[in-house]
Amino acid sequence: MFIGSFLAWLVSRTDLPFKKIIATMAVLPYVIPSYIHALAWLNLFKNSRIGGAAGVFQYLTGITPPDWLSYGYFPIVVTLSIHYFPFTFLLVSAALTSIDSRLEESGEILGATRFHILRRITFPLVLPALLSSFILTFSRVLGTFGTPYFLGTPVRYYTLSTQIYSNIINRIPSVGYILAFVLIIISSAVIYINQRMIGRSKSFVTIAGKGFRVTETPLEKLRYPLLCLIGLLFVASVILPLVLLVWQTLTLYPNDYSIKHLTLLFWIGKANTAFAEGEAGILRNPAIIGAAWNSIKLALVSSVIAGFIGIFIGYAVVKGRNTKLASAVEQMSFLPYLVPGIAFGALYLALFSHRFGPLPALYGTFTLVALVCIAKNLPFTGRAGITSMLQIGSELEEASETLGARWVTRFRRIILPLSIQGAISGFILVFITVMRELSLIILLVTPETRTLTTMTFRYQEQGYTQFSSAISVLIIIIVIFGESLSRRFGKKNGI
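Residues numbered from 1 in each chain as written. Predicted model: local features only at pLDDT ≥ 70, side-chain atom pairs only at ≥ 80, totals over all residues. Heavy atoms only, no water.

Caption draft 1: Molecular detail of the environment of Val-430. Position of Val-430 relative to the elements: it lies in helix 22 (residues 407–435). Spatially, the C-alpha atom of Val-430 lies 5.1 Å from that of Ser-303, the residues being 127 residues apart in sequence. Discounting residues that sit within four places of it in the chain, Val-430 has contacts with Ser-302, Ser-303, Asn-377, Phe-380 and Thr-381. (Helix = DSSP H or I, 4+ residues; strand = E, 2+ residues; numbered from the N terminus. Contact = heavy atoms within 4.5 Å.)

Caption draft 2: Highlighting the confidence of the model for the protein chain. With 85% of its residues at a pLDDT of 70 or more, the protein chain has an overall mean of 80. Predicted confidence is poor over residues 201–211, with pLDDT under 50, and the contacts of this stretch with residues over four places away or in other chains come to 14 contacts. (pLDDT = per-residue confidence, 0-100.)

Caption draft 3: Highlighting the layout of surface pockets. Considering only enclosed or pocket space, the second largest pocket measures out at about 560 Å³ in volume. What lines the second largest pocket is a set of 24 residues, among which Leu-80, Ser-81, Thr-137, Phe-138 and Val-141 lie closest to the centre. When contributions to the lining of the second largest pocket are tallied by element, the ones reaching two or more residues are helix 1 (2–13), helix 7 (73–97), helix 10 (127–142), helix 12 (160–169) and helix 13 (173–200). Top element by residues in the lining of the second largest pocket is helix 7. It accounts for 8 residues. Its residues assigned to classes, the lining of the second largest pocket shows 18 nonpolar, 6 polar and no charged. (1 Å grid on protein atoms, 1.4 Å probe; cavity = no way out; pocket = protein on both sides within 12 Å on 5 of 7 lines; lining within 4 Å. Points joined across faces, edges and corners; volume = space filled by probe spheres on them. Nonpolar A, V, L, I, M, F, W, Y, C, P; charged D, E, K, R; others polar.)

Caption draft 4: Region of interest: the packing of aromatic side chains. Using the criterion set out here, one finds 24 aromatic pairs in the structure. An angle of 45° between the planes, with centres 5.6 Å apart, marks the rings of Tyr-84 and Phe-87 as tilted. Of this pair, Tyr-84 and Phe-87 are both found in helix 7, 3 residues apart, which corresponds to roughly one turn of the helix. The exposure classification of Tyr-84 matches that of Phe-87, with both residues buried. Ring geometry for Tyr-459 versus Tyr-464: centroids 6.2 Å apart, planes at 50°, classification tilted. Across the pair, Tyr-464 and Tyr-459 agree in class, each one buried. One aromatic cluster is present, formed by Trp-41, Phe-45, Phe-57, Trp-68 and Phe-74 through successive ring pairs. Just above the ring of Phe-366 sits the side chain of Lys-297; from NZ or CZ to the centre is 4.5 Å. Of note, Arg-436 hangs over the ring of Tyr-30, and the distance from its end group to the ring centre comes to 4.4 Å. (Phe/Tyr/Trp six-rings, centres within 6.5 Å; stacked < 30°, edge-to-face > 60°. Buried < 20%, exposed > 50% of the residue type's maximum accessible area, 1.4 Å probe, protein only. Lys NZ or Arg CZ within 6 Å of the ring centre and 35° of its normal.)

Caption draft 5: Molecular detail of the nonpolar core. Counting 93 residues, the largest nonpolar core has Ile-164, Leu-443 and Leu-452 as its most contacted members. In contact with Leu-443, other than residues within four places in its own chain, are Ile-164, Tyr-165, Ile-168, Ile-342, Ala-346, Leu-349 and Tyr-363. Membership of the second largest hydrophobic core comes to 21 residues, among which are Leu-10, Val-11, Leu-16 and Leu-227. (Core = buried A, V, L, I, M, F, W, Y, C linked by side-chain atoms within 4.5 Å.)

What follows is the structure, encoded as C-alpha coordinates:
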(Lines give C-alpha, C1' and ligand atoms only; values in the text may rest on other atoms or scores of the structure.)
Protein backbone atom coordinates (compact mmCIF):
# COMPACT_ATOMS: atom_id res chain seq x y z
CA MET A 1 0.00 0.00 0.00
CA PHE A 2 2.89 2.37 0.73
CA ILE A 3 4.52 1.73 -2.67
CA GLY A 4 1.24 1.98 -4.57
CA SER A 5 0.06 5.12 -2.74
CA PHE A 6 3.36 6.97 -3.15
CA LEU A 7 3.53 6.07 -6.85
CA ALA A 8 -0.13 7.13 -7.30
CA TRP A 9 0.60 10.51 -5.69
CA LEU A 10 3.62 11.08 -7.94
CA VAL A 11 1.65 10.25 -11.09
CA SER A 12 -1.58 12.05 -10.15
CA ARG A 13 -0.48 15.15 -8.20
CA THR A 14 3.08 16.08 -9.27
CA ASP A 15 4.98 17.24 -12.35
CA LEU A 16 6.87 13.95 -12.64
CA PRO A 17 8.08 13.29 -16.24
CA PHE A 18 6.72 10.38 -18.37
CA LYS A 19 3.63 9.92 -16.22
CA LYS A 20 1.59 8.13 -18.90
CA ILE A 21 4.33 5.55 -19.46
CA ILE A 22 4.73 5.05 -15.70
CA ALA A 23 0.97 4.56 -15.28
CA THR A 24 1.02 1.83 -17.94
CA MET A 25 4.13 0.15 -16.52
CA ALA A 26 2.69 0.19 -12.99
CA VAL A 27 0.12 -2.48 -13.93
CA LEU A 28 2.65 -4.97 -15.37
CA PRO A 29 3.84 -6.48 -12.03
CA TYR A 30 0.29 -7.80 -11.50
CA VAL A 31 0.22 -9.30 -15.00
CA ILE A 32 3.13 -11.56 -13.98
CA PRO A 33 1.82 -14.28 -11.59
CA SER A 34 3.04 -13.92 -8.00
CA TYR A 35 4.64 -17.38 -7.89
CA ILE A 36 6.78 -16.41 -10.90
CA HIS A 37 8.18 -13.54 -8.85
CA ALA A 38 8.96 -16.15 -6.19
CA LEU A 39 10.77 -18.39 -8.73
CA ALA A 40 12.77 -15.38 -9.93
CA TRP A 41 13.74 -14.59 -6.34
CA LEU A 42 14.91 -18.20 -5.87
CA ASN A 43 16.94 -18.06 -9.07
CA LEU A 44 18.65 -14.93 -7.78
CA PHE A 45 19.13 -15.59 -4.05
CA LYS A 46 18.89 -19.33 -3.35
CA ASN A 47 21.94 -20.67 -1.53
CA SER A 48 23.87 -23.92 -1.69
CA ARG A 49 23.17 -24.75 1.99
CA ILE A 50 19.55 -25.68 1.20
CA GLY A 51 18.92 -27.70 -1.95
CA GLY A 52 22.57 -27.80 -3.02
CA ALA A 53 22.28 -25.40 -6.01
CA ALA A 54 23.51 -21.82 -5.85
CA GLY A 55 21.64 -18.85 -7.27
CA VAL A 56 22.88 -16.13 -9.59
CA PHE A 57 23.99 -13.89 -6.71
CA GLN A 58 26.17 -16.59 -5.13
CA TYR A 59 27.52 -17.65 -8.53
CA LEU A 60 28.60 -14.11 -9.47
CA THR A 61 29.87 -12.90 -6.08
CA GLY A 62 30.90 -16.06 -4.27
CA ILE A 63 28.95 -14.86 -1.23
CA THR A 64 26.38 -17.28 0.20
CA PRO A 65 23.17 -15.39 0.97
CA PRO A 66 21.78 -15.95 4.48
CA ASP A 67 18.74 -18.21 4.81
CA TRP A 68 16.49 -15.30 5.88
CA LEU A 69 17.23 -13.56 2.58
CA SER A 70 16.81 -16.68 0.43
CA TYR A 71 13.73 -18.22 2.04
CA GLY A 72 10.96 -17.57 4.52
CA TYR A 73 9.12 -14.48 5.70
CA PHE A 74 11.23 -11.69 4.19
CA PRO A 75 11.26 -12.83 0.53
CA ILE A 76 7.55 -13.76 0.70
CA VAL A 77 6.65 -10.24 1.87
CA VAL A 78 8.89 -8.58 -0.72
CA THR A 79 7.68 -10.62 -3.71
CA LEU A 80 3.99 -10.32 -2.79
CA SER A 81 4.38 -6.56 -2.20
CA ILE A 82 5.95 -6.19 -5.65
CA HIS A 83 3.12 -8.21 -7.18
CA TYR A 84 0.15 -6.51 -5.49
CA PHE A 85 1.09 -2.82 -5.27
CA PRO A 86 -0.78 -2.14 -8.60
CA PHE A 87 -4.08 -2.64 -6.69
CA THR A 88 -3.35 0.35 -4.49
CA PHE A 89 -1.86 2.36 -7.35
CA LEU A 90 -4.99 2.02 -9.52
CA LEU A 91 -7.48 2.79 -6.76
CA VAL A 92 -5.59 5.61 -5.04
CA SER A 93 -4.58 7.31 -8.29
CA ALA A 94 -8.25 7.42 -9.31
CA ALA A 95 -9.18 8.90 -5.91
CA LEU A 96 -6.39 11.50 -6.00
CA THR A 97 -7.37 12.61 -9.49
CA SER A 98 -10.84 13.53 -8.24
CA ILE A 99 -9.65 15.71 -5.32
CA ASP A 100 -9.93 19.45 -5.91
CA SER A 101 -6.55 21.06 -5.24
CA ARG A 102 -8.29 24.03 -3.62
CA LEU A 103 -9.07 21.85 -0.60
CA GLU A 104 -5.33 21.43 0.04
CA GLU A 105 -4.55 25.04 -0.91
CA SER A 106 -7.05 26.26 1.70
CA GLY A 107 -5.14 24.41 4.39
CA GLU A 108 -1.88 25.88 3.12
CA ILE A 109 -3.33 29.41 3.24
CA LEU A 110 -4.34 28.82 6.86
CA GLY A 111 -0.75 27.95 7.73
CA ALA A 112 -0.88 24.14 7.75
CA THR A 113 2.35 22.29 6.99
CA ARG A 114 2.64 19.86 4.07
CA PHE A 115 2.52 16.89 6.44
CA HIS A 116 -0.51 18.30 8.27
CA ILE A 117 -2.38 18.79 4.97
CA LEU A 118 -1.56 15.24 3.92
CA ARG A 119 -2.73 13.81 7.27
CA ARG A 120 -5.88 15.91 7.80
CA ILE A 121 -7.15 16.54 4.25
CA THR A 122 -5.67 14.25 1.58
CA PHE A 123 -5.48 11.03 3.59
CA PRO A 124 -9.09 11.11 4.90
CA LEU A 125 -10.41 11.76 1.37
CA VAL A 126 -8.60 8.75 -0.15
CA LEU A 127 -9.35 6.50 2.84
CA PRO A 128 -12.07 4.51 0.98
CA ALA A 129 -9.61 3.78 -1.85
CA LEU A 130 -6.93 2.74 0.64
CA LEU A 131 -9.33 0.46 2.49
CA SER A 132 -10.55 -1.08 -0.76
CA SER A 133 -6.99 -1.78 -1.87
CA PHE A 134 -6.27 -3.29 1.54
CA ILE A 135 -9.27 -5.62 1.23
CA LEU A 136 -8.36 -6.71 -2.30
CA THR A 137 -4.70 -7.27 -1.40
CA PHE A 138 -5.38 -8.92 1.97
CA SER A 139 -7.91 -11.37 0.50
CA ARG A 140 -5.65 -12.38 -2.37
CA VAL A 141 -2.50 -12.72 -0.25
CA LEU A 142 -4.35 -14.70 2.41
CA GLY A 143 -5.20 -17.43 -0.11
CA THR A 144 -1.98 -17.30 -2.15
CA PHE A 145 -0.35 -20.70 -2.29
CA GLY A 146 2.55 -20.76 -4.78
CA THR A 147 4.70 -17.97 -3.35
CA PRO A 148 4.70 -19.10 0.32
CA TYR A 149 5.15 -22.72 -0.80
CA PHE A 150 8.19 -22.08 -3.01
CA LEU A 151 9.86 -19.64 -0.62
CA GLY A 152 8.68 -20.94 2.75
CA THR A 153 8.79 -24.74 2.53
CA PRO A 154 12.63 -25.05 2.30
CA VAL A 155 12.94 -23.53 5.80
CA ARG A 156 9.63 -24.92 7.15
CA TYR A 157 7.90 -21.55 7.14
CA TYR A 158 4.21 -22.35 6.72
CA THR A 159 1.07 -20.33 6.12
CA LEU A 160 -2.58 -21.38 6.32
CA SER A 161 -2.69 -21.89 2.54
CA THR A 162 0.33 -24.23 2.50
CA GLN A 163 -1.03 -26.10 5.53
CA ILE A 164 -4.38 -26.62 3.79
CA TYR A 165 -2.56 -28.16 0.83
CA SER A 166 -0.30 -30.26 3.04
CA ASN A 167 -3.16 -31.69 5.13
CA ILE A 168 -5.37 -32.55 2.15
CA ILE A 169 -2.50 -34.12 0.18
CA ASN A 170 -1.44 -36.13 3.27
CA ARG A 171 -4.99 -37.49 3.61
CA ILE A 172 -6.02 -35.41 6.62
CA PRO A 173 -8.79 -33.56 4.75
CA SER A 174 -10.85 -32.65 7.83
CA VAL A 175 -8.02 -30.47 9.19
CA GLY A 176 -7.55 -28.90 5.74
CA TYR A 177 -11.23 -28.01 5.50
CA ILE A 178 -11.20 -26.49 9.00
CA LEU A 179 -8.23 -24.32 8.01
CA ALA A 180 -10.07 -23.27 4.83
CA PHE A 181 -13.02 -22.23 6.99
CA VAL A 182 -10.65 -20.25 9.22
CA LEU A 183 -9.35 -18.40 6.14
CA ILE A 184 -12.91 -17.45 5.18
CA ILE A 185 -13.67 -16.25 8.73
CA ILE A 186 -10.54 -14.06 8.78
CA SER A 187 -11.36 -12.58 5.37
CA SER A 188 -14.99 -11.93 6.38
CA ALA A 189 -13.93 -10.25 9.64
CA VAL A 190 -11.56 -7.89 7.80
CA ILE A 191 -14.28 -6.98 5.28
CA TYR A 192 -16.69 -6.22 8.14
CA ILE A 193 -14.13 -3.98 9.88
CA ASN A 194 -13.52 -2.20 6.57
CA GLN A 195 -17.24 -1.46 6.17
CA ARG A 196 -17.47 -0.18 9.74
CA MET A 197 -14.51 2.16 9.24
CA ILE A 198 -16.01 3.70 6.10
CA GLY A 199 -19.44 3.95 7.69
CA ARG A 200 -18.19 5.98 10.64
CA SER A 201 -16.74 8.76 8.53
CA LYS A 202 -18.94 11.74 7.71
CA SER A 203 -18.21 12.29 4.03
CA PHE A 204 -15.79 11.42 1.26
CA VAL A 205 -17.31 13.74 -1.35
CA THR A 206 -14.70 15.34 -3.63
CA ILE A 207 -16.78 15.98 -6.78
CA ALA A 208 -19.71 18.36 -6.42
CA GLY A 209 -21.48 21.09 -8.38
CA LYS A 210 -18.73 23.67 -7.88
CA GLY A 211 -15.71 24.18 -10.11
CA PHE A 212 -12.90 21.63 -10.08
CA ARG A 213 -9.15 22.11 -10.41
CA VAL A 214 -6.07 19.92 -10.03
CA THR A 215 -2.77 21.69 -9.40
CA GLU A 216 0.44 19.72 -9.77
CA THR A 217 2.97 19.83 -6.96
CA PRO A 218 6.43 20.81 -8.32
CA LEU A 219 9.10 18.27 -7.42
CA GLU A 220 11.95 20.60 -8.44
CA LYS A 221 15.31 18.88 -7.77
CA LEU A 222 13.64 15.60 -6.78
CA ARG A 223 12.09 15.00 -10.23
CA TYR A 224 14.86 12.91 -11.73
CA PRO A 225 16.03 11.13 -8.55
CA LEU A 226 12.41 9.99 -8.04
CA LEU A 227 12.20 8.99 -11.72
CA CYS A 228 15.33 6.84 -11.27
CA LEU A 229 13.80 5.29 -8.14
CA ILE A 230 10.65 4.39 -10.08
CA GLY A 231 12.82 2.94 -12.84
CA LEU A 232 14.56 0.70 -10.28
CA LEU A 233 11.14 -0.42 -9.01
CA PHE A 234 10.08 -1.51 -12.51
CA VAL A 235 13.42 -3.22 -13.11
CA ALA A 236 12.99 -5.19 -9.87
CA SER A 237 9.32 -6.03 -10.44
CA VAL A 238 9.18 -6.70 -14.20
CA ILE A 239 12.47 -6.77 -16.12
CA LEU A 240 14.73 -8.60 -13.64
CA PRO A 241 12.29 -11.50 -12.99
CA LEU A 242 11.90 -12.07 -16.74
CA VAL A 243 15.66 -11.94 -17.37
CA LEU A 244 16.38 -14.34 -14.49
CA LEU A 245 13.74 -16.82 -15.65
CA VAL A 246 14.97 -16.80 -19.26
CA TRP A 247 18.57 -17.19 -18.09
CA GLN A 248 17.58 -20.12 -15.89
CA THR A 249 15.90 -21.89 -18.83
CA LEU A 250 19.16 -21.74 -20.80
CA THR A 251 21.46 -23.17 -18.10
CA LEU A 252 22.58 -26.74 -18.64
CA TYR A 253 23.22 -27.29 -14.92
CA PRO A 254 21.19 -25.65 -12.12
CA ASN A 255 24.14 -23.85 -10.49
CA ASP A 256 26.25 -23.08 -13.58
CA TYR A 257 25.33 -19.75 -15.20
CA SER A 258 28.38 -19.48 -17.47
CA ILE A 259 27.83 -18.47 -21.09
CA LYS A 260 29.66 -21.52 -22.47
CA HIS A 261 27.08 -23.87 -20.93
CA LEU A 262 23.99 -22.07 -22.21
CA THR A 263 21.65 -24.36 -24.14
CA LEU A 264 18.17 -24.67 -25.66
CA LEU A 265 17.89 -28.25 -24.41
CA PHE A 266 15.00 -27.44 -22.06
CA TRP A 267 13.09 -25.68 -24.83
CA ILE A 268 13.53 -27.77 -27.97
CA GLY A 269 15.89 -30.56 -26.93
CA LYS A 270 15.13 -34.23 -27.52
CA ALA A 271 14.80 -36.65 -24.61
CA ASN A 272 18.20 -37.17 -22.97
CA THR A 273 18.57 -39.50 -20.00
CA ALA A 274 21.52 -37.44 -18.74
CA PHE A 275 19.21 -34.54 -17.91
CA ALA A 276 15.90 -34.37 -16.03
CA GLU A 277 15.43 -38.15 -16.21
CA GLY A 278 15.11 -38.12 -19.98
CA GLU A 279 12.37 -35.49 -20.35
CA ALA A 280 12.27 -33.66 -23.67
CA GLY A 281 12.20 -29.86 -23.95
CA ILE A 282 8.89 -28.17 -23.24
CA LEU A 283 8.10 -27.60 -26.93
CA ARG A 284 8.65 -31.32 -27.62
CA ASN A 285 7.28 -32.74 -24.38
CA PRO A 286 3.86 -34.44 -24.81
CA ALA A 287 2.97 -33.96 -21.12
CA ILE A 288 3.65 -30.21 -21.27
CA ILE A 289 1.90 -29.81 -24.62
CA GLY A 290 -1.10 -31.62 -23.12
CA ALA A 291 -1.02 -29.35 -20.07
CA ALA A 292 -0.84 -26.30 -22.36
CA TRP A 293 -3.92 -27.52 -24.21
CA ASN A 294 -5.70 -28.11 -20.88
CA SER A 295 -4.80 -24.56 -19.78
CA ILE A 296 -6.06 -22.95 -22.97
CA LYS A 297 -9.20 -25.10 -23.03
CA LEU A 298 -9.90 -24.38 -19.37
CA ALA A 299 -9.38 -20.64 -19.87
CA LEU A 300 -11.60 -20.54 -22.98
CA VAL A 301 -14.44 -22.60 -21.48
CA SER A 302 -14.36 -20.68 -18.18
CA SER A 303 -14.23 -17.26 -19.84
CA VAL A 304 -17.05 -17.97 -22.30
CA ILE A 305 -19.42 -19.51 -19.73
CA ALA A 306 -18.58 -16.97 -17.00
CA GLY A 307 -18.96 -14.21 -19.59
CA PHE A 308 -22.49 -15.24 -20.54
CA ILE A 309 -23.47 -15.67 -16.88
CA GLY A 310 -22.09 -12.17 -16.31
CA ILE A 311 -24.39 -10.82 -19.03
CA PHE A 312 -27.40 -12.39 -17.30
CA ILE A 313 -26.24 -10.98 -13.94
CA GLY A 314 -25.89 -7.53 -15.50
CA TYR A 315 -29.35 -7.78 -17.08
CA ALA A 316 -30.98 -8.85 -13.80
CA VAL A 317 -29.24 -6.14 -11.76
CA VAL A 318 -29.90 -3.28 -14.19
CA LYS A 319 -33.52 -4.22 -14.91
CA GLY A 320 -34.23 -4.59 -11.20
CA ARG A 321 -32.35 -1.50 -10.06
CA ASN A 322 -33.33 -0.01 -6.70
CA THR A 323 -34.79 -3.32 -5.52
CA LYS A 324 -33.42 -5.41 -2.66
CA LEU A 325 -33.21 -8.52 -4.85
CA ALA A 326 -31.08 -6.78 -7.49
CA SER A 327 -28.81 -5.38 -4.78
CA ALA A 328 -28.46 -8.85 -3.24
CA VAL A 329 -27.58 -10.41 -6.63
CA GLU A 330 -24.96 -7.74 -7.27
CA GLN A 331 -23.37 -8.21 -3.84
CA MET A 332 -23.40 -12.01 -4.04
CA SER A 333 -21.80 -11.99 -7.50
CA PHE A 334 -18.79 -10.18 -5.99
CA LEU A 335 -18.38 -12.46 -2.94
CA PRO A 336 -16.26 -15.18 -4.66
CA TYR A 337 -13.49 -12.63 -5.21
CA LEU A 338 -13.18 -12.04 -1.47
CA VAL A 339 -12.88 -15.74 -0.56
CA PRO A 340 -9.19 -16.82 -0.53
CA GLY A 341 -8.38 -18.92 -3.60
CA ILE A 342 -7.12 -22.10 -1.96
CA ALA A 343 -10.03 -22.03 0.51
CA PHE A 344 -12.45 -21.72 -2.40
CA GLY A 345 -10.83 -24.72 -4.09
CA ALA A 346 -10.89 -26.73 -0.85
CA LEU A 347 -14.63 -26.11 -0.44
CA TYR A 348 -15.30 -27.36 -3.98
CA LEU A 349 -13.14 -30.41 -3.29
CA ALA A 350 -15.20 -31.16 -0.15
CA LEU A 351 -18.45 -30.68 -2.04
CA PHE A 352 -17.68 -32.77 -5.12
CA SER A 353 -15.20 -35.42 -3.94
CA HIS A 354 -18.09 -37.80 -3.19
CA ARG A 355 -21.58 -38.24 -4.50
CA PHE A 356 -23.99 -36.18 -2.44
CA GLY A 357 -27.66 -36.66 -3.28
CA PRO A 358 -28.20 -35.56 -6.88
CA LEU A 359 -24.68 -34.07 -7.05
CA PRO A 360 -22.23 -36.51 -8.70
CA ALA A 361 -18.60 -37.03 -7.66
CA LEU A 362 -16.69 -34.73 -10.01
CA TYR A 363 -13.19 -35.00 -8.54
CA GLY A 364 -10.66 -35.81 -11.23
CA THR A 365 -12.77 -34.37 -14.03
CA PHE A 366 -12.25 -31.31 -16.20
CA THR A 367 -15.79 -30.24 -15.28
CA LEU A 368 -14.88 -29.62 -11.63
CA VAL A 369 -11.82 -27.53 -12.48
CA ALA A 370 -13.86 -25.48 -14.95
CA LEU A 371 -16.71 -25.10 -12.46
CA VAL A 372 -14.50 -23.65 -9.73
CA CYS A 373 -12.82 -21.26 -12.21
CA ILE A 374 -16.20 -20.05 -13.48
CA ALA A 375 -17.56 -19.44 -9.98
CA LYS A 376 -14.40 -17.70 -8.76
CA ASN A 377 -14.28 -15.32 -11.73
CA LEU A 378 -17.94 -14.25 -11.78
CA PRO A 379 -17.00 -10.89 -10.15
CA PHE A 380 -15.08 -9.93 -13.32
CA THR A 381 -17.79 -10.85 -15.80
CA GLY A 382 -20.59 -9.66 -13.50
CA ARG A 383 -19.12 -6.16 -13.36
CA ALA A 384 -18.51 -6.18 -17.13
CA GLY A 385 -22.13 -7.29 -17.69
CA ILE A 386 -23.52 -4.55 -15.45
CA THR A 387 -21.40 -1.92 -17.22
CA SER A 388 -22.63 -3.08 -20.63
CA MET A 389 -26.29 -3.20 -19.61
CA LEU A 390 -26.18 0.32 -18.19
CA GLN A 391 -25.30 1.57 -21.67
CA ILE A 392 -28.37 0.02 -23.33
CA GLY A 393 -31.52 2.13 -23.30
CA SER A 394 -34.68 0.41 -22.08
CA GLU A 395 -36.74 1.86 -24.96
CA LEU A 396 -35.08 -0.57 -27.41
CA GLU A 397 -36.43 -3.59 -25.58
CA GLU A 398 -39.76 -1.89 -24.91
CA ALA A 399 -40.24 -1.23 -28.63
CA SER A 400 -39.73 -4.88 -29.51
CA GLU A 401 -42.05 -5.92 -26.69
CA THR A 402 -44.74 -3.64 -28.15
CA LEU A 403 -44.31 -5.42 -31.48
CA GLY A 404 -45.00 -8.77 -29.79
CA ALA A 405 -41.46 -10.19 -29.43
CA ARG A 406 -41.00 -12.70 -26.63
CA TRP A 407 -38.27 -12.28 -24.00
CA VAL A 408 -36.03 -14.93 -25.59
CA THR A 409 -36.25 -13.18 -28.95
CA ARG A 410 -35.65 -9.76 -27.41
CA PHE A 411 -32.60 -11.02 -25.54
CA ARG A 412 -31.16 -12.87 -28.55
CA ARG A 413 -31.78 -10.18 -31.18
CA ILE A 414 -31.28 -6.96 -29.17
CA ILE A 415 -29.68 -7.34 -25.74
CA LEU A 416 -26.99 -9.91 -26.58
CA PRO A 417 -25.64 -8.22 -29.75
CA LEU A 418 -25.49 -4.82 -28.03
CA SER A 419 -23.84 -6.10 -24.83
CA ILE A 420 -21.42 -8.64 -26.27
CA GLN A 421 -18.78 -6.05 -27.19
CA GLY A 422 -18.53 -4.80 -23.62
CA ALA A 423 -18.64 -8.32 -22.20
CA ILE A 424 -15.61 -9.32 -24.31
CA SER A 425 -13.41 -7.44 -21.83
CA GLY A 426 -14.77 -9.65 -19.06
CA PHE A 427 -14.11 -12.74 -21.20
CA ILE A 428 -10.48 -11.80 -21.71
CA LEU A 429 -9.88 -10.87 -18.07
CA VAL A 430 -11.13 -14.31 -17.04
CA PHE A 431 -8.95 -15.94 -19.71
CA ILE A 432 -5.85 -14.19 -18.33
CA THR A 433 -6.73 -15.03 -14.73
CA VAL A 434 -7.38 -18.72 -15.39
CA MET A 435 -4.23 -19.11 -17.51
CA ARG A 436 -2.08 -18.06 -14.53
CA GLU A 437 -4.17 -19.64 -11.75
CA LEU A 438 -2.45 -21.96 -9.28
CA SER A 439 -3.85 -21.48 -5.76
CA LEU A 440 -7.45 -22.09 -6.82
CA ILE A 441 -6.91 -25.36 -8.72
CA ILE A 442 -3.88 -26.95 -7.05
CA LEU A 443 -6.10 -29.24 -4.93
CA LEU A 444 -8.40 -30.22 -7.82
CA VAL A 445 -6.14 -31.20 -10.71
CA THR A 446 -5.13 -34.78 -11.53
CA PRO A 447 -2.65 -36.10 -14.14
CA GLU A 448 -5.43 -35.96 -16.73
CA THR A 449 -6.43 -32.36 -15.95
CA ARG A 450 -3.07 -30.77 -15.11
CA THR A 451 -2.34 -27.30 -16.44
CA LEU A 452 0.81 -25.29 -17.19
CA THR A 453 0.74 -23.69 -13.73
CA THR A 454 0.50 -27.02 -11.93
CA MET A 455 3.27 -28.44 -14.16
CA THR A 456 5.43 -25.50 -13.05
CA PHE A 457 4.69 -26.43 -9.45
CA ARG A 458 5.52 -30.13 -9.98
CA TYR A 459 8.82 -29.47 -11.77
CA GLN A 460 9.90 -26.95 -9.14
CA GLU A 461 8.99 -29.42 -6.42
CA GLN A 462 11.15 -32.09 -8.08
CA GLY A 463 14.09 -29.72 -8.49
CA TYR A 464 13.89 -29.32 -12.29
CA THR A 465 14.19 -25.54 -12.16
CA GLN A 466 14.99 -25.12 -15.86
CA PHE A 467 11.69 -26.76 -16.82
CA SER A 468 9.67 -24.78 -14.28
CA SER A 469 11.27 -21.52 -15.43
CA ALA A 470 10.68 -22.32 -19.12
CA ILE A 471 6.99 -23.07 -18.49
CA SER A 472 6.74 -19.85 -16.46
CA VAL A 473 8.12 -17.86 -19.39
CA LEU A 474 5.58 -19.57 -21.68
CA ILE A 475 2.76 -18.60 -19.29
CA ILE A 476 3.97 -14.98 -19.20
CA ILE A 477 4.01 -14.81 -23.01
CA ILE A 478 0.41 -16.07 -23.18
CA VAL A 479 -0.73 -13.78 -20.34
CA ILE A 480 0.88 -10.67 -21.85
CA PHE A 481 -0.70 -11.49 -25.20
CA GLY A 482 -4.06 -11.79 -23.46
CA GLU A 483 -3.45 -8.55 -21.56
CA SER A 484 -2.80 -6.70 -24.83
CA LEU A 485 -6.11 -7.99 -26.15
CA SER A 486 -7.92 -6.96 -22.97
CA ARG A 487 -6.55 -3.44 -23.29
CA ARG A 488 -7.59 -3.28 -26.93
CA PHE A 489 -11.16 -4.34 -26.23
CA GLY A 490 -11.46 -2.74 -22.80
CA LYS A 491 -10.60 0.88 -23.66
CA LYS A 492 -14.08 1.61 -24.94
CA ASN A 493 -15.79 0.11 -21.88
CA GLY A 494 -13.42 1.28 -19.17
CA ILE A 495 -12.81 -2.24 -17.81
